Amino acid sequence: MSNPPDIEVVLIAGVSGSGKSTVGGLLAERLGWDYAEADAFHSPANVAKMRAGHPLTDADRAPWLRAIAAWIDGRLASGRPGVVSCSALKRAYRDQLTGGRPAVRTVMLDGDRDVIAERMRRRHGHFFGAGLLDSQFADLERPAPDEHVLTVPITDSPEETVARIMKSLDLTPGH
């Protein structure tokens, strides 16, 4: 069975520390699809701001979201499916990344703040510190039913989470 023709890009969303990079990379690997980590699209100024402990504003995020949308459009135009991880905390952000792109499907990784905070305390070398987690939850707008977002709890291992995503979206390796 091949992938449904209507899913060409999977957007893995969630607050920092929810496992987007791990799950997104593993999903792309299992599917044989291209993968992009949204952190790579941040400007040096945004990274410096977050490293200093300051949350980004909508204005800070605007060029970042445009760059991610351009990556998505590149996958759609080339016929090369992909997975991209991006916090996509607000509906407006998700709409910017998926609007007019019916072949993009969003998966929201959902977890308890305390569990995510503990994960963030254990990771080292990332510019986004645990002190910014509250700003992420403050900005988070849970997906509405009309967004058709697959919400997946982060209670399982990354491998089990990927298996759940693949089954729920009816995705199989190869294309």
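Structure: see above.
Not measured: the values here are computed from a predicted model.

Enquirer: How should the overall build of the protein be read in this particular structure?
Expert: Counting its secondary structure elements, the protein contains seven helices and five strands. The N-to-C order of helical and strand elements in the protein reads β-α-β-α-α-β-α-β-α-α-β-α. Sequence-distant contacts, at least 24 apart, represent 77% of the contacts inside the protein between residues at least 6 apart. Summed over all atoms, the accessible surface of the protein reaches about 8300 Å², with 54% contributed by carbon and sulfur.

Enquirer: What should I look at first to understand the environment of Leu89 in this one?
Expert: By the element assignment, Leu89 lies in the loop between β3 (82–85) and α4 (91–98). Assessed through its relative accessible area of 1%, Leu89 is described here as buried. Considering only alpha carbons, one finds Leu89 and Pro143, 54 residues apart in sequence, at a separation of 9.0 Å. Leu89 has contacts with Gly14, Val15, Arg94, Gln136, Asp139, Leu140 and Glu141, leaving out every residue within four places of it along the chain.

Enquirer: Even after reading the chapter, I still don't get the sheet that holds β3, so can you show me in this structure?
Expert: One key point about sheets: their strands pair by backbone hydrogen bonds, in either a parallel or an antiparallel sense. As summarised here, the arrangement of the five strands in space is β2-β3-β1-β4-β5, forming an open sheet in which the pairing is parallel. A single partner strand is all that each edge strand has here, and the edge strands are β2 (34–37) and β5 (150–153). Taking the axes of each pair of neighbouring strands and ignoring which way they run, one obtains an average angle of 20° across the sheet. Strand direction decides the pairing type here: strand β4 (residues 104–110) and β5, joined by four bridges, are parallel. For Asp110, the partnering residue across the bridge sits in β5 and is Pro153. Contacting β1 (9–13), β4 and β5, helix α7 (residues 158–169) runs over the sheet at an angle of about 155° to β5.

Enquirer: Which parts of the structure should I look at to understand the nonpolar core?
Expert: One finds Val10, Leu27, Cys86, Leu97 and Val107 to be the most contacted residues of the largest nonpolar core, which totals 44 residues. At the level of secondary structure, the elements contributing two or more residues to this core comprise β1, α1 (20–31), α3 (58–78), β3, α4, β4, β5 and α7. Considering each element in turn, this core owes the most residues, six residues, to α3. Aside from chain neighbours lying at most four places away, what touches Cys86 is Leu11, Ile12, Ala13, Gly14, Lys20, Ala38, Trp64, Leu65, Ile68 and Leu97.

Enquirer: Any chance you could explain α3 here in plain terms?
Expert: Because the α-helix completes a turn every 3.6 residues, residues three or four places apart line up on one side. Here α3 contains 21 residues, and its C-alpha end-to-end distance of 30 Å stays within 8% of the 30 Å for a straight helix at 1.5 Å per residue. Listed in full, the buried residues belonging to α3 are Asp60, Arg61, Trp64, Leu65, Ile68, Ala69, Trp71, Ile72 and Arg75. At the exit of α3 stands Gly79, carrying a positive phi of roughly 75°.

Enquirer: What should I look at first to understand the pairing of β3 in this one?
Expert: Across a regular strand the side chains alternate sides, sitting on one face of the sheet and then on the other. Where burial is concerned, the two faces of β3 agree: the one with Gly82 and Val84 and the one with Val83 and Ser85 are both buried. Relative to β3, β1 runs parallel, the two sharing four bridges. Bridge pairing in β3 links Val9 to Gly82. Across four bridges, β2 lies against β3 in parallel orientation. Looking at β3, one finds that Glu37 is bridged to Ser85.

Enquirer: Explanation requested: the layout of surface pockets in the structure shown.
Expert: Over the atoms rolls a probe the size of a water molecule, and in doing so it shows where empty space is left. If you add up the space inside the second largest pocket, you get close to 230 Å³. As for the second largest pocket, its lining consists of 15 residues, of which Thr98, Val104, Arg105, Glu147 and His148 are closest to the centre. Elements supplying a minimum of two residues to the lining of the second largest pocket: α4 and β4. At four residues, the largest contribution of residues to the lining of the second largest pocket is made by α4. Classifying every residue of the lining of the second largest pocket by side-chain character gives four nonpolar, three polar and eight charged.

Parameters at a glance
Residues numbered from 1 in each chain as written. Predicted model: local features only at pLDDT ≥ 70, side-chain atom pairs only at ≥ 80, totals over all residues. Heavy atoms only, no water. Helix = DSSP H or I, 4+ residues; strand = E, 2+ residues; numbered from the N terminus. Contact = heavy atoms within 4.5 Å. Areas by Shrake-Rupley, 256 points an atom, 1.4 Å probe, with all protein chains shown as cover. Buried < 20%, exposed > 50% of the residue type's maximum accessible area, 1.4 Å probe, protein only. Pairing = 2+ DSSP bridges. Axes fitted to C-alpha atoms, helices over the stretch in contact; angles between N-to-C directions. Core = buried A, V, L, I, M, F, W, Y, C linked by side-chain atoms within 4.5 Å. Expected span 1.5 Å × (residues − 1). 1 Å grid on protein atoms, 1.4 Å probe; cavity = no way out; pocket = protein on both sides within 12 Å on 5 of 7 lines; lining within 4 Å. Points joined across faces, edges and corners; volume = space filled by probe spheres on them. Nonpolar A, V, L, I, M, F, W, Y, C, P; charged D, E, K, R; others polar.

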